[in-house]
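Each chain, letter by letter, is given below.
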Amino acid sequence: MSDRRCLTAYSRVVVKIGSALLVEGGELKRSWLDALIDDLVALKKAGAEAIIVSSGSIALGRGILGLPKGPLKLEESQAAAAAGQILLAQAYSESLSRHNVKAGQILLTLGDTEERRRYLNARATIGTLLKLGAVPIINENDSVATSEIRYGDNDRLAARVATMASADCLVLLSDIDGLYTAPPNDNPDAVFLPEVPRITPEIEAMAGSAGSELSRGGMKTKIDAGKIATAAGTTMVITSGKALNPLKKLDDGARGTWFAALDSPANARKAWIGGHLVPRGEIHLDAGALKALKSGKSLLPAGVTAVKGEFSRGDAVKVLGPDGRAIGSGLVAYDHDEARMIIGRNSREIEAIVGYPGRAEMIHRDDLVLDDAILTGNG
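Cut-off values and rules
- Residues numbered from 1 in each chain as written.
- Predicted model: local features only at pLDDT ≥ 70, side-chain atom pairs only at ≥ 80, totals over all residues.
- Heavy atoms only, no water.
- Axes fitted to C-alpha atoms, helices over the stretch in contact; angles between N-to-C directions.
- Helix = DSSP H or I, 4+ residues; strand = E, 2+ residues; numbered from the N terminus.
- Parallel < 35°, antiparallel > 145°, perpendicular 65-115°, else oblique.
- Contact = heavy atoms within 4.5 Å.
- Nonpolar A, V, L, I, M, F, W, Y, C, P; charged D, E, K, R; others polar.
- Core = buried A, V, L, I, M, F, W, Y, C linked by side-chain atoms within 4.5 Å.
- Buried < 20%, exposed > 50% of the residue type's maximum accessible area, 1.4 Å probe, protein only.
- Left-handed = near helix turned anticlockwise from the far one by under 90°.
- Expected span 1.5 Å × (residues − 1).
- Salt bridge = Lys/Arg side-chain N within 4 Å of Asp/Glu carboxyl O.

Draft legend 1. Broad picture of the packing of helix 6 (residues 116-131) against helix 7 (residues 154-164). Packing of helix 6 against helix 7 brings their axes to within 10 Å, and their N-to-C directions diverge by 75°. One way to sum up the angle between helix 6 and helix 7 is to call them roughly perpendicular. When helix 6 is examined against helix 7, the residues Tyr119, Ala122, Arg123 and Ile126 are found in contact with a partner set consisting of Val161, Thr163 and Met164. Tallied by class, the residues present in the contact of helix 6 with helix 7 amount to five nonpolar, one polar and one charged.

Have a look at this one:
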């Protein structure tokens, strides 16, 4: 893993920023943010796509609305988030615009990463922003989320975003420089761990409290994030963000704990689709569509001959070849009734048929898993 400790070795990087790094005394640390964005743009110029998961809206909103220190009532937190999010988004937009880079804001709740239809919508939005060269700026939608429907920390949200976006690296910028065998502030004998090949119960037991006044996380949520990220094929690193240009410093050898991915993002996603989701219907193909899928292309409506089952957009479906044999599975982009309306039709006709400009693919190649026998030509 040591040969990949340079961020430029990754193709899609998610960077999580904690409130304590970005906000001080209710004010935005503009110089720190500008330096971080300089690092991020340098990553983009080196060929990596970048996504930011940022805390800070409630901390900023406190200052804007003059709320007192200490715990806030739910409605006060939501009001602070609503006020602070405007300033936070503006700050990111202005900092990125210095480099002629656009920002796109996405506010998520727990349901957006758990419910498949909303998950696919969020995934598509992130992918489109990246395709257009913009940097997605993501935060939990604290202005409407309640304790029952929220993450409560952006470490785990960042891990979910990384898996959603098929990122191959997640950077957790923190007020601590990595994982120790015990909380270093409490134990002078605590040993720093530069690398974690696998998160074991022993590693989880090391996660003491490493939070600060403004951060709701601590080391436990970072280990939880690591379990989510590494299982989905994303390498994760915890490093200090206190100094200016923390990403550059990490690439220059600054201390950080690296958590090894258990697989690649693509393989992990395929395993999830192929092995963990119950198919809700069937999609039957013609010979031309089968040939296209074997060559790595997406499944278009024109190559579909029949649709069976009562499935919804985002559900897993079986994919069957011209002879009726199952050849794989995938996540379908249309509800069953709309899918039946567009089978055998050109993608350009979709809007006229269903009444809105839907996706060109019935199943995108990133959401499709073919059986090994088909890929090797034995099926």
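Having put the structure on the table, let's press on.
Draft legend 2. Main features of the nonpolar core. Within the largest apolar cluster, 48 residues are counted, with the highest numbers of intra-cluster contacts made by Ile126, Leu170 and Leu179. Within the second largest apolar cluster, 35 residues are counted, among which are Val23, Leu60, Leu173 and Trp258.

Draft legend 3. Up close: the packing of helix 2 (residues 30-45) against helix 4 (residues 74-97). Following both chains from N to C, one finds helix 2 and helix 4 inclined at 55°, their axes separated by 9 Å at the closest point. Between helix 2 and helix 4, the angle is such that the two are oblique. For the pair helix 2 and helix 4, the crossing hand works out as right-handed. Residues Arg30, Leu33, Asp34, Ile37 and Val41 of helix 2 form the contact with helix 4, whose participating residues are Ala91, Tyr92, Glu94, Ser95 and Leu96.

Draft legend 4. How the structure looks around helix 3 (residues 57-65). Restricting attention to buried positions, one finds in helix 3 the residues Ser57, Ile58, Ala59, Leu60, Gly61 and Arg62. As for helix 3, its buried residues are in contact with helix 1 (19-22), strand 2 (23-24), strand 3 (27-28), helix 4 and strand 6 (135-140). At the C-terminal side of helix 3, Gly66 shows a positive phi close to 70°.

Draft legend 5. Representation of helix 4 in the model. For helix 4, with 24 residues, the first-to-last C-alpha span of 34 Å sits near the 34 Å given by 1.5 Å per residue. Listing the buried residues of helix 4 in full gives Gln78, Ala80, Ala81, Ala83, Gly84, Gln85, Leu88, Ala91, Tyr92, Ser95 and Leu96.

Draft legend 6. Structural detail: the pattern of salt bridges. Applying the stated rule across the entire model yields 13 salt bridges. Here Asp34 ties to Arg98 by a salt bridge, and the two come within 3.6 Å at their closest N and O atoms. Of this pair, Asp34 sits in helix 2 while Arg98 is found in the loop between helix 4 and strand 5 (103-108), placing the two residues 64 residues apart along the sequence. Arg98 gets classed as partly exposed once you look at its relative accessible area, which sits at 42%. One salt bridge in this structure joins Lys227 and Glu204, with 3.2 Å as the shortest N-O distance. Of the two residues, Lys227 is situated in helix 9 (residues 219-231) and Glu204 in helix 8 (residues 201-205); the sequence distance between them amounts to 23 residues. The class of Lys227 is partly exposed, set by a relative accessible area of 37%. Where salt bridges share partners, they join Lys16, Asp155 and Lys222 into one cluster.

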